[in-house]
Amino acid sequence: MKKTRILTIDRRRDLLSLFVIMAATTLSLLAITISQADEKAATKATDEKTAAAEEPYQPKSEIELRRELSKIQFYVTQEEGTEKAFRNLYWNNKKDGEYHCVVCGQPLFTSRTKFKSGTGWPSFYAPVNKQSVGFREDWKLFYSRTEVHCQRCTSHLGHVFNDGPKPTGKRYCMNSAAMKFIEKSAAKKETAESEKE
Ligand SMILES: [Zn+2]
C-alpha cells in the first residue's frame, strides 16, 4: 500500500517536471520566433532604405514629358534645341540659389559659380559637382562643340566652352528652359518645413 502511494507521488512529480519542461520549451521557441521576426523586419527596412538611395532613374515617357514640360522646355531638353538669347528666364537672374534639372530635379548649378558672360544665356564656370552633368561631342554646327546634359536623366542642357573665367576657365552656356531655379530663402524654408514634419 505504502509503495503504491510513493509511486503515485513520483508519477505526479514526473508529470509536473514534464509540464515545466514543455512550458519552458514553448516559451523559448516563442522568443526565438519573435526575435527572428524582429530581425526580418529590420533587414527589410534596411533593404528598402538602400533601394530608395540607389534607385536608378526611371525615364519618363514622351507622353509624360509633353504633359509636364512647356513647349520650349521639351524642345531644349528632349530635342537638343537652343532658346533665344536674352529672352529666357535666368540669363540675368542674380538671386542666390540652385539651378535644378527641369526634368528630374537633380541639382546642376548654383548661383555661386554664375557669372556675367554677356551672351544672353545663364553662364556658369562649374557645375555643382562633377557627377551632375555629362558631356558629348556635338557636330551640329560646322565645328565641334561639347554638349552638356543632365547625368541623371540625359536631358540636354547646353554647351561648355573653354573661354570662361577663373578658376576653371570653363563657360557652361546653359538654357534657362532646361533648369528650374530654387531661390536660397525658398530652399531653406522648404527644408525647415520638412524637418518640422
Ligand atoms: Zn535631369
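Residues numbered from 1 in each chain as written. Predicted model: local features only at pLDDT ≥ 70, side-chain atom pairs only at ≥ 80, totals over all residues.

A.B. asks: Any details on the environment of G120? Residues and values, ideally.
C.D. replies: Its place among the elements puts G120 in the loop between strand 3 (114-115) and strand 4 (123-124). Here the alpha-carbon distance between G120 and M174, two residues 54 residues apart in the chain, equals 9.9 Å. Apart from residues lying up to four places away in sequence, G120 is in contact with A85, F86 and W91. (Helix = DSSP H or I, 4+ residues; strand = E, 2+ residues; numbered from the N terminus. Contact = placed C-beta atoms within 7 Å.)

A.B. asks: Account for the pairing of strand 6 (residues 145-150), with residues named and values stated.
C.D. replies: Examined bridge by bridge, strand 5 (residues 133-138) and strand 6 share six bridges and lie antiparallel to one another. Paired with E137 across the bridge in strand 6 is T146. The hairpin turn running from strand 5 into strand 6, its antiparallel successor, is six residues long. Sheet topology note: the strand 6/strand 7 (residues 156-161) ladder contains four bridges and is antiparallel. Paired with H149 across the bridge in strand 7 is H156. What sits between strand 6 and strand 7 in their antiparallel hairpin is a turn of five residues, with T154 showing a positive phi close to 65°. (Pairing = 2+ DSSP bridges.)

A.B. asks: Go over the sheet that holds strand 2 (residues 107-110) with me, naming the residues and quoting the values.
C.D. replies: Backbone hydrogen bonds hold the strands of a sheet together, and the pairing may be parallel or antiparallel. Read across the open sheet, the three strands follow the order 2-1-9; overall the sheet is antiparallel. Strands at the two margins of the open sheet, each flanked by one partner only, are strand 2 and strand 9 (179-183). Averaged over all neighbouring strand pairs, the angle between strand axes comes to 30°, with direction disregarded. (Axes fitted to C-alpha atoms, helices over the stretch in contact; angles between N-to-C directions.)

A.B. asks: Give a detailed account of unusual backbone geometry, specifying residues and quantitative values.
C.D. replies: Backbone torsion omega between K166 and P167 reads 10°, so that peptide bond is classified as cis. Topologically, P167 is positioned in the loop between strand 7 and strand 8 (171-174). Here the phi dihedral of F86 falls at roughly 65°; this positive angle occurs in a residue that is not glycine. Following the sequence through the fold, F86 ends up in the loop between helix 3 (71-79) and strand 1 (97-101). For F86, a count of 10 C-beta atoms within 10 Å gives the class exposed. (Buried ≥ 20, exposed ≤ 12 C-beta atoms within 10 Å, placed from the backbone.)

A.B. asks: Break down the sheet that holds strand 4 for me, with residues and values.
C.D. replies: Spatially, the six strands line up as an open sheet ordered 3-4-8-7-6-5, and their pairing is antiparallel. What marks the edges here is a single partner per strand, and that holds for strand 3 and strand 5.

A.B. asks: Could you give me a rundown of helix 3, with the residues and numbers involved?
C.D. replies: Count 3.6 residues to each turn of an α-helix, and residues three or four apart come out pointing the same way. Where helix 3 is concerned, the buried positions are Q73, F74, V76 and T77. Of the surrounding secondary structure, the elements contacted by the buried residues of helix 3 are helix 2 (62-68) and strand 7. Downstream of helix 3 by one or two residues, E80 has phi in the positive range, about 55°.

A.B. asks: Explain the nonpolar core to me, and be specific about the residues and the numbers.
C.D. replies: Generally speaking, soluble globular proteins have nonpolar side chains that are buried together. Core analysis: the largest hydrophobic core is formed by 25 residues, its most contacted members being V102, L108, L157, M174, A178 and M179. Elements that contribute at least two residues to this core include exactly helix 3, strand 1, strand 2, strand 6, strand 7 and strand 8. Take this core: its biggest share by element is three residues, from strand 8. Residues within four places of L157 in sequence aside, it is in contact with L108, V133, V148, H149, C150, M174, N175 and A178. (Core = buried A, V, L, I, M, F, W, Y, C linked by C-beta atoms within 7 Å.)

Honestly, that's just the spatial picture; any functional story needs more than this.
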